[in-house]
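Now for the letters of each chain:
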Amino acid sequence: MTETRPSLLTLEEITIAIGDRPLVENVRFSLQQGEILVIVGESGSGKTTLLKACAGMLPGGIHVIHGNMAFAGRPLRQQGDWLPLRGRGISYVFQDSLSSFCPVRTLYEQLWDAARVAGMGRSEFAATAADRTAVLDLPAGSLSSYPQELSGGMVQRAGLLFPLLLPPQLLLADEPTSAVDSVTQKKMADALLRLRRYHQTAIVLVTHDIRLAAYLADTLLILRQGQVEDYGPAGRLLAHPGAAYTERLLTLAGMRKESVPCSLR
């Protein structure tokens, strides 16, 4: 008999609230190794709140008030439960990537610190960092720059360097392509697919862009005003939405159910 491995990330009826006011209600999903789950919704739908709950990073005053969460079968209840998972277990990419960098150290210095702690040698780091920089189409000299010297789009791409350099088991990405043009968006999306392909990294990505979701997702979760409108395999859900709201998102994006695009344009 083959032993069934536990899901990498499991949420069971998670409700998040500020005081007595629910922000996200009764969210349930299960994520396997190498699976890409994309959470789609309009601004204010609770996407980032849900993602930060998965990372154990909810801001003060906002709490999970109901439900259970687990990583590889290990319950996640208190802040300390996430500490041993930071980095190679769970990695987080912020929508505002500039805020995640130290302003007085170059990108190279910050990446090298993380690589060194992870046990990577200097020569391996230099070769890997150069390759990942090229994958994201960042200029060759960008690693010697300070974060604030780069354009917004370059900083956004640079935010993906950490998980590409040190692949985690789970990557949580908050609107990682929001500040870039469509060509760069596709390069970043392809970098995420590469991360999954070669390292079996599971990814939870939040976006308002249903086209990006269609390009990346194995599974879709459609969130509206804190409520799950639709959830299921991306191909089925895009072809046959279970909710009128999902169909509306597809219509507004110019995506017909009969011919869902398979590429970003």
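Residues numbered from 1 in each chain as written. Predicted model: local features only at pLDDT ≥ 70, side-chain atom pairs only at ≥ 80, totals over all residues. Heavy atoms only, no water.

Undergrad: Looking at this structure, I do not really get the packing of aromatic side chains. What am I missing?
TA: Each aromatic ring pair is specified by the distance between its two centres and by the angle formed by the two planes. Taken as a whole, this structure holds 4 aromatic pairs when the rule is applied. Centre to centre, the rings of Tyr92 and Phe94 are 4.7 Å apart; their planes meet at 55 degrees, and the pair counts as tilted. For Tyr92, a relative accessible area of 14% puts it in the buried group. Its relative accessible area of 28% is what places Phe94 among the partly exposed residues. Look at Trp112 and Phe125: their rings are 5.3 Å apart centre to centre, the planes differ by 50 degrees, and that puts the pair in the tilted class. Taken together, the residues Trp112 in helix H3 (residues 107-117) and Phe125 in helix H4 (residues 122-135) connect sequence positions 13 residues apart. (Phe/Tyr/Trp six-rings, centres within 6.5 Å; stacked < 30°, edge-to-face > 60°. Buried < 20%, exposed > 50% of the residue type's maximum accessible area, 1.4 Å probe, protein only. Helix = DSSP H or I, 4+ residues; strand = E, 2+ residues; numbered from the N terminus.)

Undergrad: Even after reading the chapter, I still don't get the nonpolar core, so can you show me in this structure?
TA: The nonpolar side chains of soluble globular proteins are, as a tendency, buried together. Val38, Leu216 and Leu220 are the most contacted members of the largest nonpolar core, which has 51 residues in total. Each residue touching Leu216, except ones within four places of it in the same chain, is listed here: Ile36, Val38, Ala189, Leu192, Leu193 and Leu205. (Core = buried A, V, L, I, M, F, W, Y, C linked by side-chain atoms within 4.5 Å. Contact = heavy atoms within 4.5 Å.)

Undergrad: How should I be thinking about empty space enclosed by the protein in this particular structure?
TA: Tallying each qualifying case throughout the model produces 1 cavity of 30 Å³ or more. In terms of lining residues, the largest cavity is bounded by Arg132, Leu164, Arg194, Leu195 and His199. Here the element with the most residues in the lining of the largest cavity is helix H7 (residues 182-199); it accounts for 3 residues. (1 Å grid on protein atoms, 1.4 Å probe; cavity = no way out; pocket = protein on both sides within 12 Å on 5 of 7 lines; lining within 4 Å. Points joined across faces, edges and corners; volume = space filled by probe spheres on them.)

Undergrad: Hey, could you run me through unusual backbone geometry in this one?
TA: Peptide bonds are mostly trans, and most non-glycine residues show a negative phi. The phi angle at Glu13 is positive, at roughly 50 degrees, despite the residue not being glycine. With respect to the helices, strands and loops of the structure, Glu13 is situated in strand E1 (residues 9-18). At Asp137, a position not held by glycine, the phi torsion is positive, near 60 degrees. Relative to the helices and strands, Asp137 resides in the loop between H4 and helix H5 (152-158).

Undergrad: Even after reading the chapter, I still don't get the pairing of strand E8 (residues 202-207), so can you show me in this structure?
TA: Remember that side chains alternate between the two faces of the sheet whenever the strand is regular. Across the 6 residues that make up E8, a large majority, 6, are buried. The alternating pattern of E8 places Ala202, Val204 and Val206 and Ile203, Leu205 and Thr207 on opposite faces, both of which are buried. Where strand E3 (residues 36-40) lies against E8, 5 bridges are found, and the strand directions are parallel. If you follow Ile39 over to E8, its bridge partner there is Val206. In this sheet, E8 lies alongside strand E7 (residues 170-174) in parallel orientation, the contact comprising 5 bridges. Residue pairing in the sheet places Asp174 in a bridge with Val206 of E8. (Pairing = 2+ DSSP bridges.)

Undergrad: Looking at this structure, how should I read the layout of surface pockets?
TA: Space left empty within the atom packing is revealed by a probe, the size of a water molecule, rolled over the atoms. When its volume is computed, the largest pocket comes out at roughly 500 Å³. What lines the largest pocket is a set of 22 residues, and nearest its centre among them are Gly87, Ile90, Ser91, Tyr92 and Phe162. At the level of secondary structure, the elements contributing two or more residues to the lining of the largest pocket comprise strand E6 (90-93), H3 and helix H6 (161-165). For the lining of the largest pocket, a count of residues per class yields 13 nonpolar, 6 polar and 3 charged. The space that makes up the second largest pocket amounts to roughly 260 Å³. Taken together, 16 residues form the lining of the second largest pocket, with Val64, Leu76, Arg77, Gln78 and Trp82 sitting closest to its centre. (Nonpolar A, V, L, I, M, F, W, Y, C, P; charged D, E, K, R; others polar.)

Undergrad: Please explain the pairing of E6 as it appears in this structure.
TA: Burial along E6 is two-sided: the residues Ile90 and Tyr92 and Ser91 and Val93 are all buried. Relative to E7, E6 runs parallel, the two being bridged by 4 bridges. Bridged to Tyr92 within E7 is Leu172.

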